[in-house]
Amino acid sequence: MRILLVASAYNSLTQRVHAELRERGHAVAVEVTPRGCDVRAAAERHTPDLIVAPMLRAVVPRDVWSSRTCLIVHPGPVGDRGPSSLDWAIHEGAEEWGVTVLQAEAEMDAGPVWATVALPVPPVTKSDLYRNEVSDAAVEAVLLAVERFASGEYVPVGQDALPRTAAARERPPMRQAARRISWADDTTDTVLRKLRAAASQPGVLDDLLGAEWFLHGGHPERGLRGRPGELLATRENAVCRATADGAVWIPELRARTAPGAPRACKLPAVLALAGRLPNLPDLPAPALPTVNDDTAWSDIRYREDGTVGVLSFSFPGGAMSTEQCRRLLDAYRAACVRPTTMLVLGGSRDFFSNGIHLSVIEAAAEPAAESWANINAMNDLVEAVLTTTDRLVVSAIGGNAAAGGVMLALAADEVWCRSGSVLNPHYRRMGLYGSEYWTYSLPRKVGAATAERITEEALPVTAARARDIGLIDRVVECAPSRFTAEVTRLAARLAASPGAQPRLAAKKAESERRDSLTPLAAFRERELARIQTIFWDPAAPYHALRRAFVRKEAGPPDPVTADARSAPLADSGPDKS
């Protein structure tokens, strides 16, 4: 079919729906639009058979939904209405929620239902929930709704005729007044629930050190105590703040700016508070923090299961700053000293990595210099993985990965992805040539022709499609909450297999042959020579694209949506991509 996706942002869910529909042979165009009139223009330009809105804040005009079927993806169960559905679900401690695909009508979220899928609500942030359990349920519901529409026989069901969960009702937008933390009264669990319900947007507005900040993310602290609201310590650029009965670690802050002023970047908390932060004790985590140590939060964790080591990391938004890359490299080297025969890199739910930290770069006094430092720190990490010859390394991608994060994963001997992962193995969307040894590792995995095509197309790829083209080696079919355990089980089985030792010997021989032909350093030098000119050219699109991305501003046209606008939808046919 000819399907038009309309969305307020080309976010993770829009990307996944785009990829899933495209890979099933549908002709799909994407229009990112903030206004209803743009939806009308898009419908007139593409004349689709069906319109699907994975994430749309604008109201669909009556003349559009009355003349064409328009399906709205609502992140709530049947009967739930309002723009803050997930926020309220987490805020109120819901244990089960849902996604409903309904037909656009005059009343918001009130149209007949084409499909609905239930989902569990684990104790994670809204953004993590959205990219994982919600994304899985939404894709299942969208594919079912599209199949029902294509049949020409299905009649959507009115919401009054369907069962409802007890928590489903019409809700107002969640304002900051409802999110406000009372440090003197709120327990750690309450504070965490408020912080999780606001991640990654809009954050929780709060007063701190004489200024207003949006707090982003939160992790419990088991040992530190203090006067409620007091800052107690720092660790890994996060700050620890006392609650009524304990404390929480807050990893990121964003300064509140005056109306009309440029939006501030979301930054690691210690960096955001530079010049304001009092003299607090810094409590760095061990070089290789173990999972069994539940008393000390860290964004890098390590554990062993027999001969398998698992080095997990979880950086907000998947962004990796210069400092984070160096810490992960130190942890990787420490893990490689352990008496294991296999090392799993990743293995956590949610983001694997999206490459360099654009917000830290944007906030730097010299963004070009910080870009250069960050890309070299990423390269050092990737090089360490590529040159590991004393054990097998598996990259385990539990969520999404993009740009340099994909190339980091490709440095391993095998790449495993959870079935709901979406990969963006390219740099084009940020106006970059890229580095991280991608000119070596990507063609090695998929061949030169496919490597050129996917980097130029700059389109998202599902885990299944990535396996089909050779980009990854295994799709792990499991729920997000089961990924760590499933990856550990599979890694242990691989480590114990008869082929593990011969494969390790072959890996060492291949490394020696490679170095005799084209050393890795040559790939790095060529890549850096090209990207360096971009970093230091103030007119390069990278700077405007980066600024627009981190400050949520209008910027140059997105390459994907620009391509979608350039030509009307063609008739669908067999998938030849």
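Scoring rules and cut-offs
Residues numbered from 1 in each chain as written. Predicted model: local features only at pLDDT ≥ 70, side-chain atom pairs only at ≥ 80, totals over all residues. Heavy atoms only, no water. Helix = DSSP H or I, 4+ residues; strand = E, 2+ residues; numbered from the N terminus. Rg over C-alpha atoms; globule rule 2.2 N^0.38 Å. Buried < 20%, exposed > 50% of the residue type's maximum accessible area, 1.4 Å probe, protein only. Contact = heavy atoms within 4.5 Å. Areas by Shrake-Rupley, 256 points an atom, 1.4 Å probe, with all protein chains shown as cover. Lys, Arg positive; Asp, Glu negative; His and termini not counted. Charge placed at Lys NZ, Arg CZ, Asp CG, Glu CD. Salt bridge = Lys/Arg side-chain N within 4 Å of Asp/Glu carboxyl O. pLDDT = per-residue confidence, 0-100. Pairing = 2+ DSSP bridges. Axes fitted to C-alpha atoms, helices over the stretch in contact; angles between N-to-C directions. Disulfide = S-S within 2.5 Å.

**Quick look at the overall build of the protein**
Okay, so step 1: Helix and strand counts for the protein come out as 20 helices and 23 strands.
Okay, so step 2: Its C-alpha atoms give the protein a radius of gyration of 24 Å, near enough to 25 Å, the size a compact globule of 577 residues would have.
Okay, so step 3: If you line up the protein on its principal axes, its C-alpha atoms span 65 × 60 × 50 Å.
Okay, so step 4: Burial statistics for the protein: of 577 residues in total, 58% are counted as buried.
Okay, so step 5: Considering only contacts within the protein whose residues lie at least 6 apart along the sequence, 69% involve residues at least 24 apart.
Okay, so step 6: Per element, the accessible surface of the protein, about 23,200 Å² overall, is 52% carbon and sulfur.
Okay, so step 7: Taken together, the 67 basic and 70 acidic charged side chains of the protein have centroids lying 1 Å from each other.

**With respect to the pattern of salt bridges**
Okay, so step 1: According to the stated counting rule, one finds 37 salt bridges in the structure shown.
Okay, so step 2: Residue D128 is joined to R349 by a salt bridge in which the shortest nitrogen-to-oxygen separation is 2.8 Å. One end of the pair, D128, is in helix 5 (residues 126-151); the other, R349, is in strand 17 (residues 342-349), and 221 residues separate them in sequence.
Okay, so step 3: The exposure class of D128 is buried, given its relative accessible area of 9%.

**Observations regarding the environment of A145**
Okay, so step 1: Positionally, A145 belongs in helix 5.
Okay, so step 2: Look at A145 and you get buried, because its relative accessible area is 0%.
Okay, so step 3: Linking A145 and C265, residues 120 residues apart in sequence, is a C-alpha distance of 38 Å.
Okay, so step 4: Once residues lying within four places of it in the same chain are set aside, the contact partners of A145 are L71, V101, W114 and A115.

**Points about the confidence of the model for the protein**
Okay, so step 1: When the pLDDT values of the protein are averaged, the result is 93; 95% of them are 70 or greater.
Okay, so step 2: Scored below 50 in pLDDT, residues 573-577 shows seven contacts in the model against residues more than four places distant or in partner chains.

**Comments concerning the sheet that holds strand 20 (residues 414-418)**
The strands that make up a sheet are held in pairs by hydrogen bonds between backbone atoms, and each pair lies either parallel or antiparallel.
Okay, so step 1: With mixed pairing, the six strands of this open sheet are ordered in space as 15-16-17-18-20-23. Taken across any chain shown, the strands that pair with only one partner, and hence form the sheet edges, are strand 15 (300-305) and strand 23 (474-476). The mean angle between the axes of side-by-side strands here comes to 20 degrees, regardless of whether they run parallel or antiparallel.
Okay, so step 2: Here strand 20 runs beside strand 23; their pairing, made up of three bridges, is parallel.

**A few points about the side chain of E486**
Okay, so step 1: Note that E486 resides in helix 16 (residues 483-495).
Okay, so step 2: Under the relative-accessibility criterion, E486 is labelled buried at 18%.
Okay, so step 3: E486 has contacts with V476 and C478, leaving out every residue within four places of it along the chain.

**Some details on the sheet that holds strand 19 (residues 401-402)**
Okay, so step 1: Reading across the sheet, the three strands line up as 19-21-22 and stay open at both edges, with mixed pairing between neighbours. Edge positions in the sheet fall to strand 19 and strand 22 (461-462), since each has one partner strand and no second.
Okay, so step 2: Of the pairings in the sheet, the one linking strand 21 (residues 422-424) to strand 22 comprises two bridges and is antiparallel in character. Paired with V422 across the strands is T462, a residue of strand 22.

**Points about the state of the cysteines**
Okay, so step 1: One pass over the structure, following the stated rule, counts zero disulfides.
Okay, so step 2: Cysteine C336 is unpaired, with the sulfur of C325 as its nearest cysteine sulfur at 16 Å.
Okay, so step 3: Lacking any disulfide linkage, C478 is separated from the closest cysteine sulfur, that of C417, by 11 Å.
Okay, so step 4: For C478, a relative accessible area of 16% gives the class buried.

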